[in-house]
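Chain residues, written in single-letter form:
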Amino acid sequence: MQEDSPVNLLCSMLLPLKLLNFIYMARHILFFVAVLFITLVSSDDNFVSIDCGSSDAYKDDNSIDWSGDDDYVQNGESYTVQTESISPVMDTLRAFTTRNKNCYSMEAAKGTRVLIRASFYYGNYDNKSSPPSFALQFDGNHWAWVDTTSTGYVYHEVIYEVKGDSLSVCVAQTTVDQFPFISALEVRALSSSMYDYVDKNYPLFLIRRFAYGVNGTIRYAEDPYDRIWRGAMGGDGLRNVGSDILPSGSSVRDEPPALALQNGITATTPTDRIRLLTGLLPSVGIPVYINMYFSEVAQLTSTQTRSFQIVMNDQPLLDSPIIPPYDNCTEIHLTNYTLSSDTTLRLVPTDTSSLPPLINAMEVFQIGDALTDGTNSNDVEGLASLQNAFAILGDWSGDPCLPSPFLWNWINCSSDPIPRVTALYLGSLNLSGELPDFSSMDALQTIDFSNNTLVGPIPEFLATLPNLEQLNLADNQLSGSVPDSLLKKKGLNLVMTGNPNLCKPGKTCTTTTASTTIPGVGSSGSGGGKKKKSSKVPLILGTSLPIFIIIWAIVGAFLLLRHRRKAAAVLSSAGTNRPQASPLNPQMGKMGMEFMNDIKVNMEDQSNVELADQTNHHQQNGTTSQS
């Protein structure tokens, strides 16, 4: 037996060290990847800004990155407004002339508190001078009735906590020949502590957000959450005031921008009052949530005081008066109040105040109905199976059944609080391929797949659907025998005519198997040859690690390891002329040599097997070569 040479011994000892070094490098690379991931998620990932009807990506004057909407919606037509441009974002829109509702969908992290803003600018895009009205929805909940105008643009904003792993915004037609459209869609992630004085099961619909004493609008980047604060200047006994410092709003829960706190309005005399909510509320009472922000605009002297009370319908609301702090902020929230246009809300100075009341900013919301839990998850799972099998169905998104009556066009639903899908109307949709498993949809009563090009056997799970009464599979290319359990199912009206490859009941079946396809008809479920678009683009709020970072991390580790192997090879070729290596564990060297020998034996065995396979192949089939 040949003794180990010094070079082989060194290689055997270096092998465990290489493995340890690789692990060490991998740990550092993974740490780098984690830091980079956190940086990515905490920066651009809080914003999704969609320019509807556009395919371009650009940065606007507020340094907000916008993208087109091709990856978020699969229906509708793009248009350009015909009137004068009011902003690049409003120059295009997407209009929808088909379907009960059309939705933009994207992934979201469950439990994320988000602000969603939908904007609409008609701009006479259809040359009809007839701005439409329609319904706006989110996650299966009613949001607003949109009344567009011929000139200006309107927007609606909602704040809520996402209940699932995705979110959707839909527009739905409510009047004949008035087609819904949308110009822009914005999603902003908020801090989890913001706007949490209201139960998380209820959404907040913005009525108005004011920055008093400001001439213009405040939004990103002054407000990192890109809320739109409309300037409201003083008048009718009010005057504008401003501070020489920029106070911070980060100390209060809802984090108003500093620029909104730097300005405000006061009454003109110490005894005057400030009336709020004028012209904001409807004649019928609605539940509201109000945030008020107070920050002193000047350093008061020892002889000056400013204190006041919030009074609603002549009743004070606070146990103690408000004294606005200088270079800071006090936030007051009002909730669980039902208010209307008859409600009076005032800031009233106390008897000891030498200065009039002051307010810097205010937000007024309507509290919506409780958020729905959506369509039954078993039905959603079954519908997803159908959409994966038939691409023509993949264009549908949003909640299938909610809000009622805006269902997907090819289903019917129950009226339960968590609705069930009771019918599938998929006849004459040019579906091709085999039927997938949608056995989770156990509330189905009617299934119609007639007049398509379905192939393969009739699935046995159809007989297990307990409520199934109508099953129409007529005029397809189904094959094999009909499940006996389906034929014996009581109360079922089964239609199978027009399937020449199906075995008749009671006859022995010798026709095609489940994998058989009809010539000229694909079995992949392409749904009429239409290529399925990619799955919903992840909301940048999601937590998926970018794959390219992992790839580069692996490549980097491989290159470093290769470099070290080359260095070890140089040491081996140097023989005894190299410096003496430090003593190593001889048992580790022996294990390393055994490991190297095992690799060598395995490689020789593999080569022998491949050679034998090639020899057998040539003997059986012959070999043709050309020089």
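Residues numbered from 1 in each chain as written. Predicted model: local features only at pLDDT ≥ 70, side-chain atom pairs only at ≥ 80, totals over all residues. Heavy atoms only, no water.

(A) Highlighting the overall build of the protein chain. What the protein chain contains, in helices and strands, is six helices and 35 strands. Taken over 627 residues, the protein chain has a buried fraction of 43%. Taking all contacts inside the protein chain whose residues are at least 6 apart in sequence as the whole, residues at least 24 apart take part in 70%. A total accessible area of about 32200 Å² is found for the protein chain, and carbon and sulfur atoms account for 52% of it. (Helix = DSSP H or I, 4+ residues; strand = E, 2+ residues; numbered from the N terminus. Buried < 20%, exposed > 50% of the residue type's maximum accessible area, 1.4 Å probe, protein only. Contact = heavy atoms within 4.5 Å. Areas by Shrake-Rupley, 256 points an atom, 1.4 Å probe, with all protein chains shown as cover.)

(B) Up close: the confidence of the model for the protein chain. Summary statistics for the protein chain give a mean pLDDT of 82 and a share of 73% for residues scoring 70 or more. For the stretch residues 511–550, pLDDT sits under 50, and the model shows 87 contacts to residues farther than four places along the chain or on other chains. Per-residue pLDDT stays below 50 along residues 566–627; that stretch engages in 22 contacts with residues further than four places along the chain or on separate chains. (pLDDT = per-residue confidence, 0-100.)

(C) Highlighting the sheet that holds strand 21 (residues 308–312). One open sheet accounts for four strands, arranged 19-24-21-22; its pairing is antiparallel. The outermost strands of the open sheet, each flanked by one partner alone, are strand 19 (274–276) and strand 22 (315–316). Bridge count for strand 21 against strand 24 (residues 345–349) is five bridges, and the pairing is antiparallel. Residue pairing in the sheet places Met312 in a bridge with Leu345 of strand 24. (Pairing = 2+ DSSP bridges.)

(D) Broad picture of the state of the cysteines. Enumeration according to the criterion identifies two disulfides in this entry. Between Cys103 and Cys170 runs a disulfide, and the two sulfur atoms are separated by 2.0 Å. What sets the handedness of the Cys103 and Cys170 disulfide is the S-S torsion sign, and at about 105° it is right-handed. Separated by 67 residues along the polypeptide, Cys103 in strand 6 (residues 101–107) and Cys170 in strand 11 (residues 166–172) bring together distant segments of the chain. Taken individually, Cys103 and Cys170 each receive the classification buried, so the pair is uniform in this respect. With a sulfur-sulfur separation of 2.0 Å, Cys401 is cross-linked through a disulfide to Cys413. Across the S-S bond linking Cys401 and Cys413, the dihedral sits near -75°, which makes this disulfide left-handed. Linking Cys401 in the loop between helix 3 (377–389) and strand 27 (411–413) with Cys413 in strand 27, this pair joins segments that are 12 residues apart in sequence. Neither residue differs from the other here; Cys401 and Cys413 are each classed as buried. (Disulfide = S-S within 2.5 Å.)

(E) Up close: the pattern of salt bridges. Enumeration according to the criterion identifies 21 salt bridges in this entry. Its salt-bridge partner being Glu186, residue Arg117 comes within 3.1 Å of it at the nearest N-O pair. Taken as a pair, Arg117 in strand 7 (residues 113–120) and Glu186 in strand 13 (residues 184–189) lie far apart in primary sequence, 69 residues in all. Here Arg209 makes a salt bridge to Glu157, at a shortest N to O gap of 2.6 Å. With a gap of 52 residues between them, Arg209 in strand 14 (residues 204–212) and Glu157 in strand 10 (residues 154–161) connect regions that are remote in the sequence. Glu157 matches Arg209 in its accessibility class, with the two residues each being buried. Residues joined by salt bridges that share partners form a network here, namely Arg117, Glu157, Glu186, Arg188, Arg209, Arg219, Asp226 and Glu363. (Salt bridge = Lys/Arg side-chain N within 4 Å of Asp/Glu carboxyl O.)

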